[in-house]
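Inside the fold
Spelled out from the first residue to the last, the chains are:
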Amino acid sequence: QVQLVESGGGLVQAGGSLRLSCAASGSTFSINRMGWYRQAPGKQRELVAAITSSGNTNYADSVKGRFTISRDNAKNTVYLQMNSLKPEDTAVYYCYALRYYTENYWGQGTQVTVSS
C-alpha cells in the first residue's frame, strides 16, 4: 500500500502562484509514475501533469507553460509549481501514484481556489 499526503492548496488571486506537494509513504518502491489530477465542480477529473520515475513529464494543454511538475525521489515527493493561475484552475487537486503499472493510489485532495 501507498499513502499520499498533499499540501499547499489555498486561495490566490488570478496571476498568482501556488506550490503543491505530495509525499508518498508505505510501499513506495516500484512507483512508476506520480502526478496530479484535478476536478472542478460539475466536471470530470482530468490529468494536470505527471512525471515518471525517470523524470519524463507530460502536461495538460491548458497548463503547459504555466505549471511545472518535479519529483524528489529520495523524499518520495512530487511537486506542482503553479504560476499565472487563472480562475479556471479552481478545483480540487488530487495526487496520484501508479505502482507496478497497475496499482493506482490517490491522495485526499487539496482545494485550489483562484479569484478573479
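The sections below set out a description of the structure shown in this document. (Residues numbered from 1 in each chain as written. Predicted model: local features only at pLDDT ≥ 70, side-chain atom pairs only at ≥ 80, totals over all residues. Heavy atoms only, no water.)

Right, let's talk about the sheet that holds strand β7 (residues 67–72) for a bit. On the basis of which strands lie adjacent, the open sheet formed by four strands has the order β1-β3-β8-β7 and antiparallel pairing. Every interior strand has two partners, whereas the edge strands, β1 (2–7) and β7, have only one. Here the strands of the sheet are splayed against their neighbours by 15 degrees on average, with no regard to which way each runs. (Pairing = 2+ DSSP bridges. Helix = DSSP H or I, 4+ residues; strand = E, 2+ residues; numbered from the N terminus. Axes fitted to C-alpha atoms, helices over the stretch in contact; angles between N-to-C directions.)

With that settled, the discussion passes to the pairing of strand β4 (residues 31–39). For a regular strand, the rule is simple: side chains alternate between the two faces of the sheet. Looking at chain direction, β4 and strand β9 (residues 91–99) are connected through eight bridges and run antiparallel. Bridged to G35 within β9 is Y96. With six bridges connecting them, β4 and strand β5 (residues 46–52) associate as antiparallel partners. Looking at the pairing, W36 lines up with A49 of β5. Counted along the chain from β4 to the antiparallel partner β5, the turn is six residues long, and its residue G42 has a positive phi close to 75 degrees.

With 29 residues, the main nonpolar core has L4, M34, W36, L80, M82 and Y93 as its most contacted residues. Secondary structure elements with two or more residues in this core: β1, β3 (18–26), β4, β5, β7, β8 (77–82), β9 and β11 (110–115). Residues within four places of L4 in sequence aside, it is in contact with C22, A23, A24, M34, C95, Y96, A97, Y105, W106, G107 and Q108. (Core = buried A, V, L, I, M, F, W, Y, C linked by side-chain atoms within 4.5 Å. Buried < 20%, exposed > 50% of the residue type's maximum accessible area, 1.4 Å probe, protein only. Contact = heavy atoms within 4.5 Å.)

Further remarks concern the environment of Y37. Here Y37 shows up in strand β4. For Y37, a relative accessible area of 22% gives the class partly exposed. For Y37 and N83, which are 46 residues apart along the polypeptide, the C-alpha to C-alpha distance reads 17 Å.

Here we take up the pairing of strand β10 (residues 103–106). Pairing between β9 and β10: four bridges, direction antiparallel. Directly across from L98, in β10, lies its bridge partner N104. Count of turn residues in the β9/β10 antiparallel hairpin: three residues, of which Y100 carries a positive phi of about 55 degrees.

To continue, consider the environment of S17. Residue placement: S17 occurs in the loop between β2 (10–13) and β3. Residues S17 and S53, spaced 36 residues apart in sequence, show a C-alpha to C-alpha distance of 26 Å. If we skip the residues at most four places from it in the chain, S17 touches V12, Q81, M82, N83, S84 and L85. Within the structure, S17 has its side chain in polar contact with the side chain of N83 (distance 2.9 Å). (Polar contact = N/O pair within 3.5 Å; in protein donor to acceptor, adjacent residues only side chain to side chain.)

What follows is about the state of the cysteines. Under the counting rule described, the total for this entry stands at one disulfide. The disulfide partner of C22 is C95, and the S-S distance across this bridge is 2.0 Å. A torsion of -80 degrees about the S-S bond marks the disulfide between C22 and C95 as left-handed. Linking C22 in strand β3 with C95 in strand β9, this pair joins segments that are 73 residues apart in sequence. Judged on exposure class, the residue C22 and its partner C95 are both buried. (Disulfide = S-S within 2.5 Å.)

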